[in-house]
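Listed here are the chains, written in short residue letters.
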Amino acid sequence: MPKVVTGCVCVWFVLNVGALCLAPQHTIEELRGTWRGTSKCADLVAAPACQDETVVYEFRNGDKAGTVIMAADKIVNGARVPMGDLTFAYDAPLACWRSDFESPRLKSRWCFTVEGNTLNGTATLLPGHQVVRRINATRVP
């Protein structure tokens, strides 16, 4: 009987190690550059002052290895208006590029994923985990 269990463990180990080897690597290159799109309100009960926005995000190398800094602008009357910078690092358990933001009024978590030239993301209020924004942008050539 122990030989069967050992064989099962070995098969499980080989299959899972293989899956880990095939996991995509997330480097700052996938984010670096300019993205333009929308940041839409997702929960007006949790964030009643929220307004849909056209956004431009500029990602550049962060101060620490494996991080990127996002300079976020919104478009108002055709002009870019700076909203601030956030620092992101890849969070493997969440499977996204994550940045936590805190101000005197709120705490939020921004989470982005990249698929080719598409950037998708959410802004979630903490500690309640209400998704208050959904972001969709495309890479600017």
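Described below are features of the structure shown in this document.

### A closer look at the packing of aromatic side chains
Each pair of aromatic rings is reported with the distance of its centres and the angle of its planes.
No. 1: Taken as a whole and judged by the stated rule, the model has 6 aromatic pairs.
No. 2: Measuring from ring centre to ring centre gives 6.5 Å for Y57 and F59, while their planes differ by 75°; the resulting arrangement is edge-to-face.
No. 3: A relative accessible area of 2% means that Y57 is categorised as buried.
No. 4: Under the relative-accessibility criterion, F59 is labelled buried at 4%.
No. 5: For the ring pair F59 and F112, a centre distance of 6.2 Å and an interplane angle of 90° mean the geometry is edge-to-face. Taken together, the residues span a long stretch of sequence, with F59 in strand 2 (residues 53–61) and F112 in strand 6 (residues 107–115) at a distance of 53 residues.
No. 6: Aromatic rings pair up to connect Y57, F59, F88 and F112 into one cluster.

### A closer look at the sheet that holds strand 3 (residues 67–76)
No. 1: Spatially, 1-2-3-4-5-6-7-8 is the arrangement adopted by the 8 strands of the closed barrel, whose pairing is antiparallel. Adjacent strand axes in the sheet meet at a mean angle of 30° when their direction is disregarded.
No. 2: In the sheet, strand 3 pairs with strand 4 (residues 79–91) via 10 bridges, with the strands oriented antiparallel. Paired with V68 across the strands is F88, a residue of strand 4.

### What about the layout of surface pockets?
No. 1: The calculated volume of the largest pocket comes to roughly 790 Å³.
No. 2: Taken together, 27 residues make up the lining of the largest pocket; nearest its centre are F101, R105, L106, W110 and R133.
No. 3: Looking at the lining of the largest pocket, the elements with two or more residues in it are strand 2, strand 3, strand 4, strand 6, strand 7 (118–126) and strand 8 (130–139).
No. 4: The residue inventory of the lining of the largest pocket, partitioned by class, reads 17 nonpolar, 5 polar and 5 charged.

### Describing the nonpolar core
No. 1: Residues Y57, F59, M70, F88, W110, F112 and L119 are the most contacted members of the largest nonpolar core, which totals 23 residues.
No. 2: Taken together, the elements giving at least two residues each to this core come down to strand 2, strand 3, strand 4, strand 6, strand 7 and strand 8.
No. 3: With residues near it in sequence (within four places) discarded, M70 still touches Y57, E58, F59, G84, D85, L86, F88 and F112.

Reading the values: the criteria
- Sequence positions are assigned chain by chain, starting from 1 and proceeding in written order.
- pLDDT decides what is reported in this predicted model: residues at 70 or higher carry local features, side-chain atom pairs at 80 or more are listed and counted, and totals for whole chains, interfaces and linings draw on all residues regardless.
- Each side-chain value is derived from all of the structure's non-hydrogen atoms; neither hydrogens nor water enter the calculation.
- Pairing of aromatic rings covers Phe, Tyr and Trp, the last through its six-membered ring, and needs centres within 6.5 Å; plane angles under 30 degrees mean stacked, over 60 mean edge-to-face, and all others mean tilted.
- Exposed residues in this analysis have more than 50% of their type's maximum accessible area, buried residues have under 20%, and partly exposed residues fall in between, with area computed by a 1.4 Å probe over protein chains only.
- Helix and strand labels come from DSSP, where a helix needs a run of H or I of at least four residues and a strand needs a run of E of at least two; each type is numbered from the N terminus.
- Two strands qualify as a pair provided DSSP detects at least 2 bridges between them.
- Axis angles are defined between N-to-C directions and span 0 to 180 degrees, where every axis is a line fitted to C-alpha atoms and, for a helix, only to the segment in contact.
- For each structure, a 1 Å grid was placed over the protein atoms alone; sets of points admitting a 1.4 Å probe that cannot get out are labelled cavities, open sets with protein on both sides within 12 Å along at least five of seven lines are labelled pockets, and lining residues have an atom within 4 Å of a point.
- Grid points are joined across faces, edges and corners, and a volume is the space filled by probe spheres set on the points.
- Throughout this entry, Asp, Glu, Lys and Arg are counted as charged residues, while Ala, Val, Leu, Ile, Met, Phe, Trp, Tyr, Cys and Pro are counted as nonpolar. The remaining residues, Gly among them, count as polar.
- To form a nonpolar core, buried Ala, Val, Leu, Ile, Met, Phe, Trp, Tyr and Cys residues must be joined to one another through side-chain atoms within 4.5 Å.
- For this analysis, residues touch if any pair of their heavy atoms sits within 4.5 Å.

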